[in-house]
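Chain residues, written in single-letter form:
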Amino acid sequence: GNVAYTGNPVRKEIQDAILKGHTIEQEVNKTRTLSNTPGGDMTPQILGKKAKEAVKNLPVKVTALGEKEMERLSMRAILSVGRRSDEESKFIIMEYMGGKKNEKPITLVGKGVTFDSGGINLKPSSSLLGMNMDMSGGAAVIHTIALAAKMKLKKNVVGLIPCVENMASGKSYRPGDVIRSMSGQTIEILNTDAEGRVILADALTYAGKYDGDVIINVATLTGAAAVALGERASAFFSNDDKLAKNLEEIGEKTGDYIWRLPLWEEYENEIKGSLGDLTNVHNKDSRYGGAIYGAIFLYQLIKDKDGNEKVPKWVHLDIAPRMTSIMGENLAQGALGAGVRLLYKFIEEYK
């Protein structure tokens, strides 16, 4: 029938809801397309271009910093991971300021590893396929911001995406290396395949520039999250109970299921380094609780030198369990676009 008919207010409401649903679904599908793109066709530089394309003709400012600019900012954690690749690393900044000028932004931080070989700690063959999707968190951030701008939300939203290719070469950082991150904290590398948290470390420090009271990072961070939860829900961690509850409810509403895991400070003992401040995996090489140690590592980056939280509301979303579709979901094989519906709804409702 003719959907343009708007005489009936109920009909108008339904029509608007359908159009909104259609717009959201389009951005989710664009996220999936971006994630699905093979690693050879999706380098950090191309991801920077795709971020610009995603918000073409929308009031979003996009900047992609190169390696020289990151060097000036002391983003050595990102640079150390990316230097082993022939592809230049990038740091994408997206700013959508639809709210009041003085309103603090919601900051989204997305992992943008365009291909993850594991580096010197090379992944086994069976784990290499699909690692072109290790930038799914970054893709979700790009299209969540595009969606916020398309729906003209009266909110300020910033997206930060550190983009690298994690390869093995003569220039690779090694197990045992100690890297000084932008925060000044040193990171002792025990496993080069735990690179996502290393690049997110600098991004979380950079996020401090915006002085927002909410930071949400989204990343395909650990296989351990899928071991814990299966493939139906993403794991998440937060330093704010009210925010955590709110996000869980939004997850139920949107079908973007998430499940909270603990962030007790006792876990911090397992990521204390002997050569550096922090280790990028469990310091005794334990195979237990990997998702938690990834989160507890990131948690240190939103604290100051005295251990006080610089961000009152912080969430780490580990979307690795929801990276690809599974049997019974009746979806095409490949990326799922996890996080977009959840993040969009959160921004829309946030007061």
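Here, the structure is the one placed above.
Computed from a prediction, not measured in an experiment: that's the story for all the values here.

(A) Up close: the side chain of Thr-23. Within the secondary structure layout, Thr-23 lies in helix α1 (residues 9-36). The exposure class of Thr-23 is buried, given its relative accessible area of 19%. Here Thr-23 is in contact with Leu-147, Lys-150 and Met-151, once residues within four sequence places are set aside.

(B) Examining the environment of Gln-26 more closely. One can find Gln-26 in helix α1. A relative accessible area of 35% places Gln-26 in the partly exposed class. Put simply, Gln-26 and Leu-147 are 121 residues apart on the chain and 9.2 Å apart in space, counted from C-alpha to C-alpha.

(C) Structural view of the pattern of salt bridges. In the structure shown here, the tally under the stated rule is 21 salt bridges. The residue Glu-71 makes a salt bridge to Arg-76 at a minimum N-O spacing of 3.3 Å. One salt bridge in this structure joins Glu-88 and Lys-90, with 3.4 Å as the shortest N-O distance. Residue Glu-88 is classed as partly exposed on the basis of its relative accessible area, which comes to 31%. Take Lys-90: its relative accessible area is 13%, and that puts it in the buried class. Taken together, the shared-partner salt bridges in this structure form one network comprising Lys-20, Lys-253, Lys-345, Glu-348 and Glu-349.

(D) Representation of a nonpolar patch on the surface within the structure. A cluster of nonpolar side chains, Val-10, Ile-14 and Ile-18, forms an exposed patch at the surface whose accessible area comes to about 290 Å². Within the secondary structure, Ile-14 sits in helix α1.

(E) Highlighting the packing of helix α2 (residues 44-54) against helix α6 (residues 136-150). At a closest axis distance of 9 Å, the pairing of α2 and α6 adopts a crossing angle of 15°. Here α2 lies roughly parallel to α6, going by the angle between them. Where α2 crosses over α6, the two elements pack in a sense that is right-handed. Two secondary-structure elements touch here, α2 through Leu-47, Ala-51 and Ala-54 and α6 through Ile-142, His-143 and Ala-146.

(F) Region of the structure containing the packing of aromatic side chains. Within this structure, the stated rule accounts for 6 aromatic pairs. Geometrically, the ring pair formed by Phe-91 and Tyr-206 is edge-to-face, given 5.1 Å between the ring centres and 70° between the ring planes. One end of the pair, Phe-91, is in strand β2 (residues 90-97); the other, Tyr-206, is in helix α7 (residues 196-207), and 115 residues separate them in sequence. No difference in accessibility class separates Phe-91 from Tyr-206, as the two residues are buried. For the ring pair Tyr-267 and Tyr-293, a centre distance of 5.7 Å and an interplane angle of 85° mean the geometry is edge-to-face. One end of the pair, Tyr-267, is in the loop between β10 (258-260) and β11 (278-279); the other, Tyr-293, is in helix α10 (residues 290-300), with 26 residues separating them in the sequence. Among the aromatic residues, those joined into a ring-pair cluster are Phe-91, Tyr-206 and Tyr-210.

About the thresholds
- Residues numbered from 1 in each chain as written.
- Predicted model: local features only at pLDDT ≥ 70, side-chain atom pairs only at ≥ 80, totals over all residues.
- Heavy atoms only, no water.
- Helix = DSSP H or I, 4+ residues; strand = E, 2+ residues; numbered from the N terminus.
- Buried < 20%, exposed > 50% of the residue type's maximum accessible area, 1.4 Å probe, protein only.
- Contact = heavy atoms within 4.5 Å.
- Salt bridge = Lys/Arg side-chain N within 4 Å of Asp/Glu carboxyl O.
- Patch = residues over 30% accessible without salt bridge, like charges linked within 9 Å, V, L, I, M, F, W, Y side chains within 5 Å.
- Areas by Shrake-Rupley, 256 points an atom, 1.4 Å probe, with all protein chains shown as cover.
- Axes fitted to C-alpha atoms, helices over the stretch in contact; angles between N-to-C directions.
- Parallel < 35°, antiparallel > 145°, perpendicular 65-115°, else oblique.
- Left-handed = near helix turned anticlockwise from the far one by under 90°.
- Phe/Tyr/Trp six-rings, centres within 6.5 Å; stacked < 30°, edge-to-face > 60°.

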